Amino acid sequence: MFIEIPAADGTAEAIVARPTTGEGPFPGVIFYMDAFGLRPRIQEMAQRIADWGYVVLAPNVFYREGTVAELAPSRDMSTQEGREAAGKAAFPRVGRLTSDKAGPDIDAWVRDLRELDGVADGPIGTTGYCMGARLAVRTATAHPDQVAACGGFHGGGLATEDPDSPHLGLGNARARFVFGHADHDRSMAPDAVARLGEALQAAGLEASNEIYGGAPHGYSMADTSAFHPEATERHFQELRALLDGTLKA
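This report concerns the structure included in the present document. Since the structure is predicted, the reported quantities are computational estimates derived from the model, not experimental observations.

What counts, and where the lines are drawn
- Residues numbered from 1 in each chain as written.
- Predicted model: local features only at pLDDT ≥ 70, side-chain atom pairs only at ≥ 80, totals over all residues.
- Heavy atoms only, no water.
- Pairing = 2+ DSSP bridges.
- Helix = DSSP H or I, 4+ residues; strand = E, 2+ residues; numbered from the N terminus.
- Salt bridge = Lys/Arg side-chain N within 4 Å of Asp/Glu carboxyl O.
- Buried < 20%, exposed > 50% of the residue type's maximum accessible area, 1.4 Å probe, protein only.
- Core = buried A, V, L, I, M, F, W, Y, C linked by side-chain atoms within 4.5 Å.
- Contact = heavy atoms within 4.5 Å.

### Focus: the pairing of strand β2 (residues 10-17)
Strand direction decides the pairing type here: strand β1 (residues 2-7) and β2, joined by six bridges, are antiparallel. Within the sheet, the bridge partner assigned to F2 lies in β2 and is I15. The turn linking β1 back onto β2 is made up of two residues. Sheet topology places β2 next to strand β4 (residues 55-59); four bridges connect them, and they run antiparallel. Across the sheet, residue A17 finds its bridge partner in β4, namely V56.

Right, here's the structure in full:
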């Protein structure tokens, strides 16, 4: 279902997915979409996670740019040409979602998740895809007292030389981390993966920081030409182990 939630600079739409069976309350999870926005594939992924026994909130992080319908891809992304065409509209939005805007939004998403019916009072988790992985890390570092689990999959720009690079805040985090990087990813090259690993180790955090061999950037998105079924299933397995091991332990 879609709901409207208060965000830092207005109202944002969001997907809320709940378990199809079982009685709550359930631990909460914030799901950060990729650059192509909220759409049926994100709903499918959020529901799969919810059916493990979680309430999942997936906000439209580009709410300043327009509604979900206005920002929806207009091309079939299952072809390389269609994905590239959709990216011409989507990718500039990523650059405009700067860290000074993302920070207040993250505070709002954490608050909004807590206010949903049926969300347990204990720790929460977060997972993010492509640029959403950066938001997941920033959530874990900004709210260390609440975020116990953080997943990031085919993420980009997680460990750059910029002064606001997400990895620089890891010293504040207390979460367990799982990263599943795309192979030969220009947005997260091996040196950046190594830099991220060094930061995780320096912070004393329990973490997995792996490159999924042969998996392209965007591998979990079944509605695009980047879909890689084996890497997608691996990511779901590792994410479930992360969430269950931290939020249900």
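Having seen the structure, we can now continue with the description.
### With respect to the pattern of salt bridges
If you walk through the whole model with that rule in mind, you get 13 salt bridges. Residue R64 pairs with D105 through a salt bridge whose shortest N-O separation is 2.7 Å. Taken as a pair, R64 in the loop between β4 and α2 (68-71) and D105 in helix α4 (residues 99-115) lie far apart in primary sequence, 41 residues in all. Classification of R64 by relative accessible area gives partly exposed; the value is 30%. What emerges from the salt-bridge pattern is a single network uniting D9, R64 and D105.

### Points about the nonpolar core
F31, I49, V56, V61, W109, F177 and L243 are the most contacted members of the largest nonpolar core, which has 83 residues in total. Setting aside its immediate chain neighbours within four residues, I49 contacts F31, Y54, V56, T127, Y129, F236, L239 and L243.

### Describing the pairing of strand β5 (residues 124-129)
Counted residue by residue, β5 has six buried out of six residues, so it is predominantly covered. Covered by surrounding structure in β5 are I124, T126 and G128 together with G125, T127 and Y129, the residues of both alternating faces. As defined by bridge partners, strand β3 (residues 28-32) adjoins β5 across four bridges and the pair is classed as parallel. Paired with I30 across the two strands is T126, which belongs to β5. In the sheet, β5 pairs with strand β6 (residues 147-153) via six bridges, with the strands oriented parallel. In the sheet register, G128 faces β6, and the bridge partner there is G152.

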